[in-house]
Amino acid sequence: MCDSSTLKNAAYPDKASSFPRPADVAGPSSGFARGPWLSSPRRSTANLSIPHLREALHSLESKMATLLSERDLLESRLEQAVRLQSPVQRLPNDLLSSIFTIAVLDGEEEDSITLSNLMLVCQYWRDVAVNTPMLWTRIAMGTHRSVDRALLKLDRSRSAPLYICLDFSPRMEHGTVSTESIVTAMDLIRPAIWRWKTFHLTVPSRPQAHIALTRCKEQAPLLEVLSVRVAHSMQEDHYSTPPLPLFERHTPRLRSSSFTSFNFNWDIALLSNLRVLKLGGYWNGFSPSVDVILRTLRACPQLEELVLRNMSDVDPESCASLISEASEQDDYVLARVSDTRTIQLPRLRKASFYYSGNLRTRTVFSLLSFPALESIELCYLDNVSPILESLRKQSLTVLPLRHLRIESCFLNELRFARLLPRLPALNSLELVDVEDVTPNLMRNFATPPVSQTWVCPKLTTLSLEGCTSIDWETLRSIVESRLPPHSRAFPRQPVARQEAPARPAMSMSSASAASQRPMASSSSSSSASAFAATAHILAHQPSAPAVSSASHAMGRPVRLESMDLTRCHQISKEMVQWLRMYVAEVKCETVKSVWGEPCLS
C-alpha cells in the first residue's frame, strides 16, 4: 500500500517537478538557468508510473467493495429489525403453526392452494409449514392423485394421526381401475396403520375391496372413522367370505362406520359403541336381517345418527312367523324377532330410511325409543303410517323433531293429522311426491279453530314438490295466516310481538266483496291474471284472519321463509309472484320464453 504523498506524486508528476528545490535556485549573479520544462517541447514522462496508478485504482475499488458489502449487511440488519417490529414476526413457531393448521384444515378437505401460498411468503414461513406435521396428515390417493405427493406427506407428517382417503371410483375419463394400483396404495400406507384416524376406501367391485382390506391386519388404536364403499353394489360375485379379522378387532376409538355393499359378515367388533352408523347397498342374500340390525343398535347405546339405504326388504314368507299388533288396520304387521325389548337410544338425533325395506324399517322403528330425535327422512317405503304412529307415541313423552321429510310414500291422512299437533318444534316439512297430501290436510297449518292452538308454529320451510292436489286457496290461506300483524310486502320489517288489532270492518268488507264477485268455473278459459284478481292474490294487504284466544296465549306462528313448489303445475306464474311478496324464497320450475330464456325460476 502507498501513502498519500506517494499517491499524489504518482498521480501528478508534472506538478511535483515544476517547483524547484532551494538548492537549484540561482542567485542574481549567476547566469539564467533554464528549468527542465524548458529543455523539451513535450512533458517529460520519466516520472509517470503505470503500475502505481493501477495499484491505486485497485486499492480504491477494494475499499469501495468493502464499504458496499458493509452497507448491504447493515441494510439487511435494518430490514430484519424493522420486520421484527411487526406482531406477525414476533409470533412463536407453535402459534404460527396453529394458525396455518386452522387456515389449511378448516374444512372437511385440505386447502392445498392456501398451503402453497403460505409456503411462498418467505423462507421462515416455509420452514414453519414444513415442520408442522398436522399440515401433512390429509393423504389422498386415487386414479387422479399423485403417489409422490402421498410419500412426501407421509414423511413430513412424522407421528401425527393420519386422515386416509383412497378414492378409486370408476369414472369414464379415467378408464378401468386396476387392482394393482389399489394394492400399491394400500402397501404404501399399511406401515402407518397405527396412526390412522380416519380411513375412507372407494373401489369399483367387491373383489377389489376384499383384496385391499386383507392388508388391514394390524391394530388401529386411533381409528375413529371407517368407511368402505363398493361402487357397483348390484354386481353379483362369489366373494361372500369377508377378510376377517379386520384390524385384529382392536378399534377402541371407532365412532363412525359406513359400509356400502361390503360384506364383513356383520362383525360386531366394527359395529359397537358407534355414534354414526350408515349401511347401504345390500341386496338379496347380502341384506341384513332384522335381528342383525337390532343387535347392532343394542351395541350402540350412544348412537346419534342412523342411516339405512338401498336394501332388499325382509321376505315375509321366510320368517318363522308374523305377529300383528292390535289395531283396526292391517298395516301393523311386524316380522318376528328373537328379542322384543325396547332399545333405548337417548342420543339419536338423525335417522334416515331410504328404500330400506318397509317391513324391516317398520319392525326396527317399533322397538326404538328416541327422545332426542330432531330429523327423520322416510323415502320410498310404501306405507309409512305405522312409522308416523310410532312418532306420535314417542311425542306423548318428548320429541323435539325439527325436520321431517317424506318422499314417494303412502300415508294415512288422519294419522298424519294427529301427529302434526304433537310437533311444536318442527321448522322444516318436506313432502315430495306424496299423493295423499290433500287440501284438507294442509289446512291444518292455517288459522286453527277457536278452541285449538297453532299446528307447527315454528314452521319456516315448507316443501310440496310434486304434490299436484294442493289448490291455490289452501296455499294462500297458509301464507296469509302466518304473516305478522300489519305485514305488507317482503322484505318484512321488524315488528314488536303484540296482539293484532281487530279489524272487523275490513274483514267484513273483504268477505262481502269476495262473495259478490263471481268465481270463474273450472271449464272457463280465463287467463291466470283474471283468476288471480278474482282470488285476491294480487292484493298487497292480505286480510287479517281471526285469531283465537288460545292462539294468543301460545303466541303467533313464525313467518314462512321458504317454499318449494317444483312440479306443481296447478300454480301459475301470477300466483308465484304473489307468494314471493310474502315469502323470502319460493322455488318452482323454470318457464322458458319463446327464445329459450328462463323467465320464471
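Residues numbered from 1 in each chain as written. Predicted model: local features only at pLDDT ≥ 70, side-chain atom pairs only at ≥ 80, totals over all residues. Heavy atoms only, no water.

## Some details on the pattern of salt bridges
Next up, step 1: For the structure on display, the rule yields 17 salt bridges.
Next up, step 2: For the salt bridge of Arg190 with Glu218, the shortest nitrogen-to-oxygen distance reads 3.4 Å. With Arg190 in the loop between helix H8 (179–189) and strand S3 (196–203) and Glu218 in the loop between helix H9 (206–213) and strand S4 (225–230), this residue pair connects regions lying 28 residues apart in the sequence.
Next up, step 3: Arg190 sits in the partly exposed class, given a relative accessible area of 32%.
Next up, step 4: For Glu465, the salt bridge identified is with Arg567, shortest N-O distance 3.2 Å. Of the two residues, Glu465 sits in the loop between strand S16 (461–463) and helix H15 (472–481) while Arg567 sits in the loop between strand S17 (562–564) and helix H19 (573–582), which places them 102 residues apart along the sequence.
Next up, step 5: With relative accessibility at 29%, the residue Arg567 sits in the partly exposed group.
Next up, step 6: Within the structure, one salt-bridge network assembled from shared partners comprises Arg298, Asp339 and Arg341. (Salt bridge = Lys/Arg side-chain N within 4 Å of Asp/Glu carboxyl O. Helix = DSSP H or I, 4+ residues; strand = E, 2+ residues; numbered from the N terminus. Buried < 20%, exposed > 50% of the residue type's maximum accessible area, 1.4 Å probe, protein only.)

## Thoughts on the packing of H8 against H9
Next up, step 1: Put simply, H8 and H9 touch, their axes get as near as 9 Å, and they point 25° apart. With respect to each other, H8 and H9 are oriented roughly parallel. In terms of crossing hand, the pair formed by H8 and H9 is right-handed. Two secondary-structure elements touch here, H8 through Thr179, Ile182, Val183 and Met186 and H9 through Gln208, Ile211 and Ala212.
Next up, step 2: Of the residues in the contact of H8 with H9, the class split is five nonpolar, two polar and no charged. (Axes fitted to C-alpha atoms, helices over the stretch in contact; angles between N-to-C directions. Parallel < 35°, antiparallel > 145°, perpendicular 65-115°, else oblique. Left-handed = near helix turned anticlockwise from the far one by under 90°. Contact = heavy atoms within 4.5 Å. Nonpolar A, V, L, I, M, F, W, Y, C, P; charged D, E, K, R; others polar.)

## Focus: the packing of aromatic side chains
Next up, step 1: For the structure shown, the criterion picks out 14 aromatic pairs.
Next up, step 2: Over the face of the ring belonging to Phe286 we find Arg206, whose NZ or CZ atom lies 4.9 Å from the ring centre.
Next up, step 3: In this arrangement the basic side chain of Arg309 is found over the ring face of Tyr354, its NZ or CZ atom lying 4.1 Å from the centre. (Phe/Tyr/Trp six-rings, centres within 6.5 Å; stacked < 30°, edge-to-face > 60°. Lys NZ or Arg CZ within 6 Å of the ring centre and 35° of its normal.)

## Overview of unusual backbone geometry
Backbone phi values are negative for most residues with the exception of glycine, while trans is the configuration of most peptide bonds.
Next up, step 1: Its identity as a non-glycine residue notwithstanding, Arg158 has a phi of 55°, on the positive side.
Next up, step 2: Relative to the elements of secondary structure, Arg158 occurs in the loop between helix H7 (147–156) and strand S2 (162–167).
Next up, step 3: Under the relative-accessibility criterion, Arg158 is labelled partly exposed at 48%.
Next up, step 4: The residue Trp266 is not glycine, and still its phi comes out positive at about 50°.
Next up, step 5: When you line up the elements, Trp266 lands in the loop between strand S5 (256–260) and strand S6 (276–282).

## A closer look at helix H11 (residues 358–366)
Every α-helix carries 3.6 residues per turn, so stepping three or four residues along brings you back to the same face.
Next up, step 1: The buried count for H11 comes to eight of nine residues, which makes it a mostly enclosed element.
Next up, step 2: Looking at H11, one finds that the buried residues are Asn358, Leu359, Arg360, Thr361, Arg362, Thr363, Val364 and Phe365.

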